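Chain by chain, the residues:
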Amino acid sequence: MEAYFDNSATTRCYREVADIVMKTMTEDFGNPSAMHTKGVEAEQYVRKSADAISQLLKVTPKEILFTSGGTESDNLALFGAAEANKRSGNHIITTSVEHAAVGQPIERLEQMGYEVTILPVDERGVVKMDALEAALRPDTILVSTMYVNNEVGAVMPVEEIGKLVHEKSPKALYHVDAIQAFGKYRIYPKKLGIDLLAVSSHKIHGPKGVGFLYINEKAKVQPQILGGGQQNGMRSGTDNVPGIAGLGVAAEIIYTDFDKKVEHLYQLKERLAQGLLEMQDVLVNGMELREGAPQILSASFMGIRSEVLLHTLEERQIYVSAGSACSSHKRKASGTLSAMGMPAKQKESTLRFSFSEENTFEEVDYCLEVLREVVPMLRRYARH
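My aim in this report is to walk through the structure given alongside it, one point at a time. The structure displayed is predicted, hence computed values, not measured ones. Residue positions are given per chain, counted from 1 along the sequence in the order it is written. The predicted origin of the model limits local features to residues at a pLDDT of at least 70 and limits the giving and counting of side-chain atom pairs to 80 or more, whereas totals for whole chains, interfaces and linings rest on all residues. In computing side-chain values, all of the structure's heavy atoms are included and hydrogens and water are not.

### As for the environment of Glu133
Then comes step 1: By the secondary structure assignment, Glu133 is in helix H5 (residues 129–135).
Then comes step 2: Separated by 22 residues in sequence, Glu133 and Val155 have C-alpha atoms that sit 18 Å apart.
Then comes step 3: Contacts between residues were defined by any pair of non-hydrogen atoms, one from each residue, lying within 4.5 Å. With residues near it in sequence (within four places) discarded, Glu133 still touches Leu164 and Lys168. Only DSSP runs of H or I covering at least 4 residues are called helices, and only runs of E covering at least 2 are called strands; the numbering of each starts at the N terminus.

Below, the structure is given as structure tokens:
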């Protein structure tokens, strides 16, 4: 049996997504900027996806900008907003648990002369709201937080953050990295006070190499890629029609029977957590199971290095991750787990299990069966 529990790293494409990607590569393959029929056909796919996504977010299609994925969406939001609004101020706020796609651009902005405040989180991985309130100033131009943490599934109080940001720092834009949240939560940026929202396709059973950035029509963002003036000059370069078409289909499917899918994820997570907590010296990290994201479970197997357990599970065709799999293969100590105040021994023994709607209870039971067998054995080896 195979159990793929690394869906926060990437998901399998829906069959309908693969079909439309193939069709736009081999039949409707025109350049959407071309003026003839083939170009118009291709442009319709782009428009259809923008319409579908904007309806899900309750925004307008012109506020959806297609990118090469979550990393580019985050980079464009951060660099674009900082540059476009620098006359209003120089202060940027983020948290200590952001993905590198936010953390590294903010480091670069600090090197460029912006003043950066990094907010602490509690032991569950949730940002401390009193620290945010204290940090907000009249010259704050940008606040960036994730919606769902990619390592432990902590959920940030985005609506509360959005309200506070706009009350205390009216010139500031609020950027949310929703890469692990889109498809797991109903997200309405206007209601939540979100000005910029980054999403990646391959986390929701869409193709890799495509994503989008929601940009509130009132938000000022400086383009970062210049050239042919595509997407109203906001991001030049020929549109990735197969990717965009696939993303639109994936977004529509993942929000169909949405409540049922989310409940299934929570049940998988609860079943695994229950089995793990019955084992000796296994800790489940982060928020209470139903408070955290439905698809992510972080657990520490004390006394066993995470890489050793990961490869032992891999031999039995169970696929999980140690920390975040979105960075390169060189594994660094987890920033999130450190920020949560986790002891070194616990950090070194932490795995992330992440589910999709395609996972089954049988797969969870198989995983638990294997863990009950291998964990005591690996602990015995570790002591020698």
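### Overview of the side chain of Glu72
Then comes step 1: Summarising the element assignment, Glu72 is placed in helix H3 (residues 70–84).
Then comes step 2: Burial status follows relative accessibility: with a 1.4 Å probe on protein chains alone, a residue under 20% of its type maximum counts as buried, one over 50% as exposed, and anything between as partly exposed. Among the residues examined, Glu72 registers a relative accessible area of 16% and is labelled buried.
Then comes step 3: Of note is the side chain of Glu72, whose polar atom sits 2.7 Å from the side chain of Ser68.
Then comes step 4: Sequence-distant contacts of Glu72, that is, excluding residues within four places in its chain, are made with Thr67, Ile225 and Arg235. For this analysis, a polar contact is any N or O atom pair within 3.5 Å, provided that within protein one partner can donate a hydrogen and the other can accept it, and provided that sequence-adjacent residues contribute only side-chain to side-chain pairs.

### Points about unusual backbone geometry
Then comes step 1: The phi dihedral of Gln231 falls on the positive side, at around 50°, and the residue is not glycine.
Then comes step 2: Assignment of secondary structure puts Gln231 in the loop between strand E8 (211–215) and helix H8 (241–254).
Then comes step 3: What makes Gln231 buried here is its relative accessible area of 18%.
Then comes step 4: The phi dihedral of Asp281 is positive, around 55°, even though this residue is not glycine.
Then comes step 5: With respect to the element layout, Asp281 can be found in the loop between helix H9 (258–277) and strand E9 (282–285).
Then comes step 6: Residue classification places Asp281 among the partly exposed positions, given a relative accessible area of 46%.

### Examining the pattern of salt bridges
Then comes step 1: In what follows, salt bridge is the name for a side-chain nitrogen of Lys or Arg lying within 4 Å of a carboxyl oxygen of Asp or Glu. One pass over the structure, following the stated rule, counts 21 salt bridges.
Then comes step 2: As a salt-bridge pair, Glu72 and Arg235 come within 2.6 Å of each other at their nearest N and O atoms. Residue Glu72 is located in helix H3, and its partner Arg235 is located in the loop between E8 and H8; the two are separated by 163 residues in the primary sequence.
Then comes step 3: For the salt bridge of Lys261 with Glu357, the shortest nitrogen-to-oxygen distance reads 3.8 Å. Of this pair, Lys261 sits in helix H9 while Glu357 sits in the loop between strand E12 (350–354) and helix H13 (361–383), placing them 96 residues apart in sequence.
Then comes step 4: The class of Glu357 is partly exposed, set by a relative accessible area of 24%.
Then comes step 5: Residues joined by salt bridges that share partners form a network here, namely Glu115, Arg137 and Asp139.

### Some points on the packing of helix H1 (residues 15–26) against H8
For any two helices packed against each other, the geometry is given by the interaxial angle and the distance between the axes.
Then comes step 1: For helices, the fitted line uses only the C-alpha atoms of the stretch in contact; every axis is such a line through C-alpha atoms, and the angle between N-to-C directions lies from 0 to 180 degrees. At a minimum axis separation of 8 Å, H1 and H8 run at an interaxial angle of 155°. With respect to their mutual orientation, H1 and H8 come out roughly antiparallel. Viewed along their axes, H1 and H8 form a crossing whose handedness is right-handed. Residue-level contacts link Glu16, Val17, Ile20, Val21, Thr24 and Met25 of H1 to Val241, Pro242, Ala245, Gly246, Val249, Ala250 and Ile253 of H8.
Then comes step 2: Of the residues assigned to the contact of H1 with H8, the class counts are ten nonpolar, two polar and one charged. Working rule for angles: under 35 degrees goes down as roughly parallel, over 145 as roughly antiparallel, 65 to 115 as roughly perpendicular, anything else as oblique. What makes a crossing left-handed is the near helix being turned counterclockwise from the far one by less than a right angle; a clockwise turn instead makes it right-handed. Classification convention: Asp, Glu, Lys, Arg as charged; Ala, Val, Leu, Ile, Met, Phe, Trp, Tyr, Cys, Pro as nonpolar; all other residues, Gly among them, as polar.

### Observations regarding the sheet that holds strand E5 (residues 140–146)
Then comes step 1: Read from one edge to the other, the open sheet built from seven strands follows the order E2-E8-E7-E6-E5-E3-E4, with strand pairing classed as mixed. What marks the edges here is a single partner per strand, and that holds for strand E2 (64–67) and strand E4 (115–119). Between one strand axis and the next, the sheet turns through 20° on average, direction left out of account.
Then comes step 2: Any two strands between which DSSP finds at least two bridges are classified as paired. Direction of pairing for strand E6 (residues 173–177) relative to strand E7 (residues 196–200): parallel, over a ladder of three bridges. Pairing of Val176 across the sheet is with Leu197, part of E7.
Then comes step 3: Together, strand E3 (91–95), E4, E5 and E6 form the strand contacts of helix H4 (residues 100–111), whose direction differs from that of E3 by roughly 155°.

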